[in-house]
Amino acid sequence: MIPRSNDTNSYNRTIVNRLHSTIWGAAFLGLARILWATSLFGFGSDETRGLIVVITTASPFGAALCLMHLRAAALIFTSITMLPLIAFLWLTEVPGHMVSALILALVTLIITFVANKYGNDFARMTMQQKEVENKKTEAEHLNKINMALANQDSLTGLANRRAFMAHLQSQV
């Protein structure tokens, strides 16, 4: 958790630095993961390789979904892990692996589309939330002005009958 600071610029810089660290961390982990996954492929029998294909193709999608709120990290992680894996499976020229590569390419495109769409929706929702907060602050300010105008005579600037009655009611 990032501790709140009175200096807004410093606080914003800290947030941006943490976001950049997350993006670079996702890229590094994606690269390490794809190197590990392709190195595993050389071991075991055909059934074991099939299991490796299933595990190495399914797990990056879970990681990408966890990074969904940070669209850049999700897209970088998906690209770094899936594109080399798709190419690797296609280049094996084993029919089952080539079919897996095609399916994986389609699923990767769908996940990328969803991540992009969800990221846009999340950004829009965040902007709308800020807009609502600004409108609420503005409405509170206008409400204070209206209350002052409603309880003050516009010609003399003195408290009017409504203010007198409200004060009288609060004293009873």
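Everything below is about the structure shown above.
Residues numbered from 1 in each chain as written. Predicted model: local features only at pLDDT ≥ 70, side-chain atom pairs only at ≥ 80, totals over all residues. Heavy atoms only, no water.

1. Quick notes on the overall build of the protein
Here is step 1: Counting secondary structure elements, the protein contains five helices and zero strands.
Here is step 2: Listing every helix and strand of the protein by position from the N terminus yields α-α-α-α-α.
Here is step 3: What you see for the protein is a C-alpha radius of gyration of 29 Å, clearly larger than the 16 Å of a compact globule of 172 residues, by over 25%.
Here is step 4: With respect to the three principal axes, the spread of C-alpha positions in the protein is 95 × 30 × 30 Å.
Here is step 5: Each of the 172 residues in the protein was classed as buried or not, and the buried ones make up 20%.
Here is step 6: Taking the contacts inside the protein whose residues are at least 6 apart along the sequence as the reference set, 49% of them involve residues at least 24 apart.
Here is step 7: Counting every atom, the protein has about 12,500 Å² of accessible surface; 66% of that belongs to carbon and sulfur. (Helix = DSSP H or I, 4+ residues; strand = E, 2+ residues; numbered from the N terminus. Rg over C-alpha atoms; globule rule 2.2 N^0.38 Å. Buried < 20%, exposed > 50% of the residue type's maximum accessible area, 1.4 Å probe, protein only. Contact = heavy atoms within 4.5 Å. Areas by Shrake-Rupley, 256 points an atom, 1.4 Å probe, with all protein chains shown as cover.)

2. What to know about unusual backbone geometry
Here is step 1: For Glu93, which is not glycine, the phi dihedral falls at a positive 60°.
Here is step 2: Position of Glu93 among the secondary structure elements: in the loop between α3 (71-91) and α4 (95-150).
Here is step 3: In this structure Glu93 comes out as exposed when scored by relative accessible area, which is 65%.

3. Concerning the nonpolar core
Here is step 1: If you look at the biggest cluster of nonpolar residues, it comprises twelve residues: Ile34, Phe41, Ile52, Val53, Phe61, Met82, Leu85, Ile86, Leu89, Ala101, Leu104 and Ile111.
Here is step 2: Of all the elements in the fold, those that place two or more residues in this core are α2 (46-66), α3 and α4.
Here is step 3: If one sorts the elements of this core by residue count, α3 sits on top with four residues.
Here is step 4: Counting five residues, the second-largest nonpolar core is a separate cluster that includes Ile23, Leu70, Ala73 and Phe77. (Core = buried A, V, L, I, M, F, W, Y, C linked by side-chain atoms within 4.5 Å.)

4. Structural notes on the environment of Ala115
Here is step 1: Along the chain, Ala115 falls in helix α4.
Here is step 2: The sequence separation of Ala115 and Ala64 amounts to 51 residues, and the corresponding C-alpha distance is 8.3 Å.
Here is step 3: Discounting chain neighbours no more than four positions away, the residues touching Ala115 are Met68, Arg71 and Leu75.

5. Things to note about α4
Here is step 1: If you check α4, its first and last C-alpha atoms are 81 Å apart, about what 56 residues at 1.5 Å a residue would give, namely 82 Å.
Here is step 2: Considering only its buried residues, α4 is in contact with α2 and α3. (Expected span 1.5 Å × (residues − 1).)

6. A short note on helix α1 (residues 8-40)
Here is step 1: With 33 residues, α1 extends 48 Å from end C-alpha to end C-alpha; this agrees with the ideal 48 Å at 1.5 Å per step.
Here is step 2: Taken together, the buried positions of α1 are Tyr11, Ile23, Ala26, Ala27, Gly30, Arg33, Ile34 and Ala37.
Here is step 3: Against the buried residues of α1 lie α2 and α3.

7. Points about a nonpolar patch on the surface
Here is step 1: The grouping of Ile110, Phe113, Val114 and Tyr118 at the surface amounts to a nonpolar patch, some 400 Å² of accessible area in total.
Here is step 2: Following the sequence through the fold, Ile110 ends up in helix α4.
Here is step 3: When its relative accessible area of 52% is taken as the criterion, Ile110 is described as exposed. (Patch = residues over 30% accessible without salt bridge, like charges linked within 9 Å, V, L, I, M, F, W, Y side chains within 5 Å. Salt bridge = Lys/Arg side-chain N within 4 Å of Asp/Glu carboxyl O.)

8. Some points on empty space enclosed by the protein
Here is step 1: Under the defined criterion, the tally for this structure stands at one cavity of 30 Å³ or more.
Here is step 2: Reported here for the largest cavity is a volume of approximately 40 Å³.
Here is step 3: What lines the largest cavity is simply Ala37, Thr38, Phe41, Ile52, Val53, Thr56, Leu85, Phe88 and Leu89.
Here is step 4: Looking at the lining of the largest cavity, the elements with two or more residues in it are α1, α2 and α3.
Here is step 5: The residue makeup of the lining of the largest cavity, split by class, is seven nonpolar, two polar and no charged. (1 Å grid on protein atoms, 1.4 Å probe; cavity = no way out; pocket = protein on both sides within 12 Å on 5 of 7 lines; lining within 4 Å. Points joined across faces, edges and corners; volume = space filled by probe spheres on them. Nonpolar A, V, L, I, M, F, W, Y, C, P; charged D, E, K, R; others polar.)

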